[in-house]
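An overview of the molecular structure
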Amino acid sequence: MFSRSESVGIHSVHEGVAKAAVPPSQRIVESDDRRALRPAARSTPRILLADDNADMRQYVQRLLTSGYEVEPVGDGEAALAAARENPPDLVLTGVMMPHLDGFGLLRALRSDPRTRSIPVIMLSARAGEETQVEGLEAGADEYLIKPFSARELLARVQNLVILKRARDALQRELATHNEDLSQLTQELIASRQTLQQSAEAQGRSERRWRAVYENSAVGIGLIDIDGNFLAANPVLQRMLGYTEEEFQNISLLQITPKEDSETTRSRVVQLLTGRLSEYHIEQRYLRRDRSIVWANASMSVIPGGNGEEPMLVKVIEDITERKRVEDRLLNAKAELAHATRMTMIGELAASIAHEINQPLGAIVNNGDVCLRLAAGAIGIHYEIREALSDMVNDANRASAIVATVRALAKRSTPTKTLLHFNDLVTDVLALARRELAERQIKVRNRVAEDLPRIFVDRVQFHQVLLNLVINAIDAMSTVEEKSRILTIWGKRDKLKGKPAVLVGVQDFGKGFAADEVDLLFEPFYTTKSHGMGMGLRISRSIVEAHCGRLWAQPNANRGATFLCVLPAGAEGD
Amino acid sequence: MIERDVDETDSIVIVIDDDLSFRRSTERLIRSVGYSVQSFGTAAEFLRSRIPDVPACVVLDVRLPGLSGLDLQEALPKVGIKVPIIFITAHGDIPMSVQAMKAGAVEFLTKPFRSQDLLDAIELAIAGDRETRKVRARLAGLRARYQLLTAREREVMACVVSGLLNKQIAGELSTAEKTVKFHRGHIMRKMRARSLAALVRMAEHLGIER
């Protein structure tokens, strides 16, 4: 569902771009400093990737390869040459590189009119805030610190490329009918500011301008150098709740929450002084009713000329809904984390109780044996009997203490509801989405549609299923990418002669040895460096508390399948 | 289980627990009151072993590596072993104990338990098993004697225990009354029945109906 809302954004922008596309008969201006605008005909955005680490190049290339054409190079000089030769839509660069480092590359790109407006994302292992500031000041659009998540990188790349394309399209549109872009810009500015142009000229620029900004799915605003709105397209009007007229009297700072106003001010200064050609940020804006709208926003400069002031173009994409969904997911994760902690403590207490009661039981037995033998024997000091008796009593006391602790940490009684197993799968795949994407794991959902419902505690089964999914992901971390397939299946079955649901979580990972099968579910047994060895143990406890069974078996070819059978319907107390 | 002379006083307690130290202490405890004990670390070891055919009971840990205690409880009748079971666990799991008791366990004790509780349970279980064995032995003897009857004698016996008079039986089987009397004498002797009432009880045990 999340990916859908994200892709709606992309499609809409592309539609906007498509509507603004240039008829082939019309001539495209190719003055020197507009060469960077040329990649109009290409459908796949091009990304230039500069990093001296081959693994890094491979990883990033793999991440981006589905949506982008990636050109990897090993150092800054090669990157600069490639960018000058054929300006890409985006440059991704490391910081430390031989010949020309990331900062050098950035400065070179920014100083060349042909490459000045290419968005640049720096990837760095240097985490210091200073470095980040240095990067941003040098004019990087984004600065990502390794290790970064695949999702984060993809989001940043996507946003920057969309914004660049939207801006390119806008500028192309402006350039289409006039050989001199600055003249058109002037015309446009003049038409909005002074209304002194001839009706014809005004109409012409208006039409073109509106073609872009009225049909776009993103909010577009024109802002003067003092931060006052000159115009806002219908989307932006709706988004922020002001009419077109009202926008004439609104400044950028009025729609910016106080906390962000200083950043915004300094960004505007950087834009106007030419230190940045554009910037992109995920930010909040204030609606007219003072409510908050989350947005992906970018701002870029339309240079002035012939004595005219430059203007700022602001592009704002509403991501409030996506944020809300993300927040919901975050809540679900928090709830799950809490439940996991609680069950972990409960299970830990139970395991410890079990382990301690074994030796305590032996002590009591042995003490009793001695007492029995002593009872019949002659010449045994009475204190020996007393000491034995105290030993037995104290062992019993220790066991009672353990029982009390265990009772305190006892799992709360599950809240069971009738659920479709498929809904659990959907929930858990959403929860694990990030891990699945990062590890490049394909998911196959083979759950039968007509399964009877199961009567279970939703959060507890999130725990069980998520645990199995994460185990599968971990098991496949070392296998080659094409085999990283996670299959979740579910079918009808019988348990003790009654209808049941049998589900399996299957991976093609490293699997386990035959003699490991019993150990897997033992407390504190783990094969992971970061594991505690309680996951499967807890999962089995939960499943058994629902009158089901959880077990593991190796696959015929490779990997493992974890199986769980649960009674169907409302039974299962 | 191998055949052996049944000695009324002979009995054995089987302890199955994977914790060596606990197992040893339990063995010691049980032995201290005079029972003989055989112990095992897993259910599989027990199933592979040869146990004397005497009154017995199993002191069984719930959690075992491989086949669990509850699994073993379920499996034993299927391999023809009927023996009373006393469960012991360090876990104190209530649903588990309910399941075990439903499946016919004699007792469910939580470690550490009072040794008297275990010894009482063992006494009860062995007495129970001895009783069951007697009944089983009696029935086996009865079956063996019934096997000695000829097909005709069995027919006559079925008629006799259903309350028919000799004359009626003769009519029923199309034979002479004298022949029926003859068969009847044989039946009483072979079945070692002292009276008609005794024969009727035997027929009930054997499940004979007309």
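The present account deals with the structure reproduced in this document. Position labels on residues start from 1 in each chain and follow its written sequence. Whichever chain is written first becomes A and whichever ligand is written first becomes 1, with later ones labelled in order. At least 70 in pLDDT is required for a residue's local features to be given in this predicted model, at least 80 for side-chain atom pairs to be given and counted, and no such filter applies to totals for whole chains, interfaces and linings, which use all residues. Computation of side-chain values covers all heavy atoms of the structure but excludes hydrogens and water.

Topic: the interface of chain B and chain A
Any two residues whose heavy atoms approach within 4.5 Å are treated as being in contact. With 22 residues of chain B in contact, the opposing surface of chain A contributes 19 residues. Of all residues in chain B, A90(B), H91(B) and P112(B) give up the largest surface area on contact with chain A, accounting jointly for 32% of the area buried on that side. A pairing counts as a salt bridge when a side-chain nitrogen of Lys or Arg comes within 4 Å of a carboxyl oxygen of Asp or Glu. On inspection of chain B and its partner chain A, the count reaches zero salt bridges. Whenever a nitrogen or oxygen atom comes within 3.5 Å of another N or O atom, the pair is scored as a polar contact, on the condition that within protein one atom can donate a hydrogen and the other can accept it, and that pairs from neighbouring residues in sequence are kept only if both atoms are in side chains. At the junction of chain B with chain A, the criterion picks out seven residue pairs in polar contact (both at pLDDT 80 or more). Two parts placed together each lose some accessible area; with a 1.4 Å probe, that loss summed over both constitutes the buried area.

A closer look at helix α17 (residues 535-545) of chain A
Residues and elements named next belong to chain A. Within α17, the full set of buried residues consists of L536, R537, I538, S539, S541, I542 and V543. Buried residues along α17 sit in contact with α12 (320-376), α16 (458-475), β16 (549-554) and β17 (560-567). In this description a helix means any DSSP run of H or I spanning at least four residues, a strand means any run of E spanning at least two, and both kinds are numbered starting from the N terminus. C547 lies just past α17 and shows a positive phi near 65°. Think of it in three bands: with a 1.4 Å probe and only protein chains considered, a residue is buried below 20% of the maximum accessible area for its type, exposed above 50%, and partly exposed in between.

Here we look at a negative patch on the surface
Here, patches come from residues exposed beyond 30% relative accessible area and free of salt bridges, joined within 9 Å for like charges and within 5 Å for nonpolar side chains (Val, Leu, Ile, Met, Phe, Trp, Tyr). Values of accessible area rely on a 1.4 Å probe in the Shrake-Rupley scheme; residue burial ignores everything except the protein chains shown. Neither His nor the chain ends is counted toward charge; the positive residues are Lys and Arg and the negative residues Asp and Glu. To locate a charge, take NZ of a lysine, CZ of an arginine, CG of an aspartate or CD of a glutamate. Residues E355(A), D518(A), E522(A) and D18(B) make up a contiguous surface patch of negative charge. Structurally, E355(A) is set in helix α12. By relative accessible area, E355(A) is classed as partly exposed at 45%.

Brief notes about empty space enclosed by the protein
Residues and elements named next belong to chain A. Definitions used for this entry: grid spacing 1 Å over protein atoms alone; cavity, a set of points where a 1.4 Å probe fits but cannot get out; pocket, an open set with protein on both sides within 12 Å along at least 5 of 7 lines; lining residue, one with an atom within 4 Å of a point. Grid points are joined across faces, edges and corners, and a volume is the space filled by probe spheres set on the points. Evaluated as defined, the whole model comprises five cavities of 30 Å³ or more. In this structure, the second largest cavity occupies an estimated 110 Å³ of space. Counting residues per element, the ones that place at least two in the lining of the second largest cavity are α14 (421-431), α16, β15 (498-506) and β17. At four residues, α16 tops the list of elements feeding residues into the lining of the second largest cavity. Of the residues in the lining of the second largest cavity, the class split is 13 nonpolar, no polar and no charged. Gly falls in the polar group here, along with every residue not listed as nonpolar (Ala, Val, Leu, Ile, Met, Phe, Trp, Tyr, Cys, Pro) or charged (Asp, Glu, Lys, Arg).

Concerning the packing of α12(A) against α17(A)
Residues and elements named next belong to chain A. Lines fitted to C-alpha atoms define the axes here, with helix axes fitted over just the stretch in contact, and angles between the N-to-C directions of these axes take values from 0 to 180 degrees. At a minimum axis distance of 10 Å, the contact between α12 and α17 shows a crossing angle of 95°. In terms of axis orientation, α12 runs roughly perpendicular to α17. Between α12, through T343, M344, E347 and S351, and α17, the contact on the second element is made entirely by R537, I538, S541 and I542. Residues of the contact of α12 with α17, tallied by class, amount to three nonpolar, three polar and two charged. In what follows, roughly perpendicular refers to angles from 65 to 115 degrees, roughly parallel to angles under 35, roughly antiparallel to angles over 145, and oblique to any angle outside these ranges.

Thoughts on the pairing of strand β3 (residues 90-94) of chain A
Successive side chains on a regular strand alternate, one facing one side of the sheet and the next facing the other. Residues and elements named next belong to chain A. Across the five residues that make up β3, a large majority, five, are buried. Burial along β3 is two-sided: the face carrying L90, L92 and G94 and the face carrying V91 and T93 are both buried. Looking at chain direction, strand β1 (residues 46-50) and β3 are connected through four bridges and run parallel. Directly across from I47, in β3, lies its bridge partner L90. Between any two strands, pairing holds if DSSP finds at least two bridges. The pairing of β3 with strand β4 (residues 120-124) spans four bridges and is parallel. The residue of β4 that forms the bridge with L92 is I121. Crossover connection from β3 via helix α4 (residues 102-111) to parallel β4: handedness right-handed. With the strands pointing away from the viewer, any crossover whose connection runs clockwise from the first strand over the helix to the second is right-handed.

Remember, this is a structural readout, not a statement about activity or role.
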